[in-house]
Amino acid sequence: MKRKRKIVLIPLVVVLALVVVFLAYCLPYYHAVDAPAFPADGEVKIFNKKDYIVYDGPGEKTAMVFYPGAKVDEKAYEALMYGIAEKGTDCFLVKMPFHLAIFGKNKAEGIIDDDYEYDSWIMGGHSLGGSMAAAFAGAHENKIDGLWLLASYSLEDLSDSGMKVISIYGSNDQVLNREHYEENKKSLPAETFSEKVIEGGNHAGFAYYGPQKGDGEAEISKEEQIRQTIEALAS
């Protein structure tokens with residue numbers, strides 16, 4: 001009887017240890033800090049839904065579903081979303097389980113298949129969120145017209161998709177694996193792919209969540225990096 005108890009207890013201890021490790025990794029995350037406030041009577045209206053936040057601007061034809069970077073509070077991207085919506089593309093900022101897009105890769109499906117009436121949909125994301133957005137786009141090419149990658153790259157082969165893709169990263173980004181980034185360019189459609197490097201920008205400069213571990217030091221403000229990003233996406 002004693003031997004059987006040991007056999008049962010060993011797997012249980014392993015499972016509990018794995019749960020503890022998982023929670024220790026997932027629970028700490030980058031909180032939104034120093035994010036600017038936006039007027040309630042501004043041109044962009046913000047609606048907080050259960051699984052996402054809507055930034056409804058003057059545009060009516062195009063919308064983007066955005067996946068945040070790994071372990072980053074989605075509200076840290078509010079300035080970026082607000083600015084894009086002001087330029088005419090409504091934004092749906094997704095709230096990810098454990099702040100990890102890998103656990104919510106298909107959350108865009110519920111948004112796109114809802115009652116929203118747009119002519120075209122774009123997927124967008126930062127870092128890991130960008131890769132997961134690309135994975136969703138690759139699996140739903142009939143629904144997605146464009147892909148916006150911020151300090152990210154696609155692991156999905158989109159080379160024959162005809163999808164319009166823009167990739168933006170900061171010159172001082174030390175988190176983005178440049179070797180993998182260059183290798184995976186072949187996964188993108190050559191004729192409809194464009195790239196912008198923000199001089200002096202870094203990995204964390206796309207959102208308001210403070211410095212990121214391992215990142216390079218930015219030589220421009222977050223406001224400037226976000227402004228350049230919005231202008232590049234709007235064009």
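Scroll up a little and you will see the structure.
No experiment lies behind these values; they were computed from the predicted model shown.

Caption draft 1: Quick look at the overall build of the protein. Across its full length, the protein carries six helices and eight strands. Helices (α) and strands (β) of the protein occur, in sequence order from the N terminus, as α-β-β-β-α-β-α-β-α-β-β-α-β-α. Of the roughly 12,300 Å² of accessible surface on the protein, 53% is carried by carbon and sulfur atoms.

Caption draft 2: Fine view of the sheet that holds strand β8 (residues 193-198). With mixed pairing, eight strands are arranged side by side in an open sheet as β1-β2-β4-β3-β5-β6-β7-β8. Across the chains shown, the open sheet's two edge strands, defined by having one partner strand only, are β1 (45-48) and β8. On average, each strand axis in the sheet is tilted by 15° relative to the strand beside it, whichever way the strands run. The pairing of strand β6 (residues 146-150) with strand β7 (residues 164-170) spans five bridges and is parallel. Residue pairing across strands places W148 opposite I166, the latter belonging to β7. On top of the sheet, helix α4 (residues 128-139) reaches β3 (62-67), β5 (120-126) and β6; it is set at about 150° to β5, its chief contact.

Caption draft 3: Seen up close, helix α6 (residues 222-234). If you check α6, its first and last C-alpha atoms are 18 Å apart, about what 13 residues at 1.5 Å a residue would give, namely 18 Å. Among the residues of α6, Q225, I226, Q228, T229, I230, A232 and L233 are the ones counted as buried. Residues of α6 that are buried make contact with α2 (78-86), β6, β7 and β8.

Caption draft 4: Expanded view of the nonpolar core. In this structure, Y77, L80, M81 and I84 are the most contacted members of the largest nonpolar core, which totals 32 residues. Mapped onto this core, the elements with two or more residues apiece are β2 (52-56), β3, α2, β4 (89-94), β6, β7 and α6. Looking at this core, the element that brings in the most residues is α2, giving six residues. Setting aside anything within four residues of it in sequence, one finds L80 in contact with F66, L150, F206, I226, T229 and I230. In terms of nonpolar packing, the next biggest core, distinct from the first, is built from 27 residues, Y67, F92, I112 and A137 among them.

Caption draft 5: The arrangement of a nonpolar patch on the surface in detail. Taken together, the side chains of F98, I102 and F103 make up a nonpolar region of the molecular surface, amounting to roughly 300 Å² of accessible area. Tracing the backbone shows F98 in the loop between β4 and α3 (107-112). Classification of F98 as partly exposed rests on a relative accessible area of 37%.

Caption draft 6: Structural context of unusual backbone geometry. Despite not being glycine, F98 shows a phi value in the positive range, around 55°. Its identity as a non-glycine residue notwithstanding, S127 has a phi of 55°, on the positive side. Residue placement: S127 occurs in the loop between β5 and α4.

Caption draft 7: Just the side chain of E74, in detail. The residue E74 is located in the loop between β3 and α2 in this model. Summary of buried charges: E74 has no salt-bridge partner, and the nearest side chain of opposite charge, K95, is 5.4 Å away. Discounting chain neighbours no more than four positions away, the residues touching E74 are I53, P68, L93, V94, K95 and H99.

Reading the values: rules and limits
- Residues numbered from 1 in each chain as written.
- Predicted model: local features only at pLDDT ≥ 70, side-chain atom pairs only at ≥ 80, totals over all residues.
- Heavy atoms only, no water.
- Helix = DSSP H or I, 4+ residues; strand = E, 2+ residues; numbered from the N terminus.
- Areas by Shrake-Rupley, 256 points an atom, 1.4 Å probe, with all protein chains shown as cover.
- Pairing = 2+ DSSP bridges.
- Axes fitted to C-alpha atoms, helices over the stretch in contact; angles between N-to-C directions.
- Contact = heavy atoms within 4.5 Å.
- Expected span 1.5 Å × (residues − 1).
- Buried < 20%, exposed > 50% of the residue type's maximum accessible area, 1.4 Å probe, protein only.
- Core = buried A, V, L, I, M, F, W, Y, C linked by side-chain atoms within 4.5 Å.
- Patch = residues over 30% accessible without salt bridge, like charges linked within 9 Å, V, L, I, M, F, W, Y side chains within 5 Å.
- Salt bridge = Lys/Arg side-chain N within 4 Å of Asp/Glu carboxyl O.
- Lys, Arg positive; Asp, Glu negative; His and termini not counted.

That is the geometry; function is a separate question.
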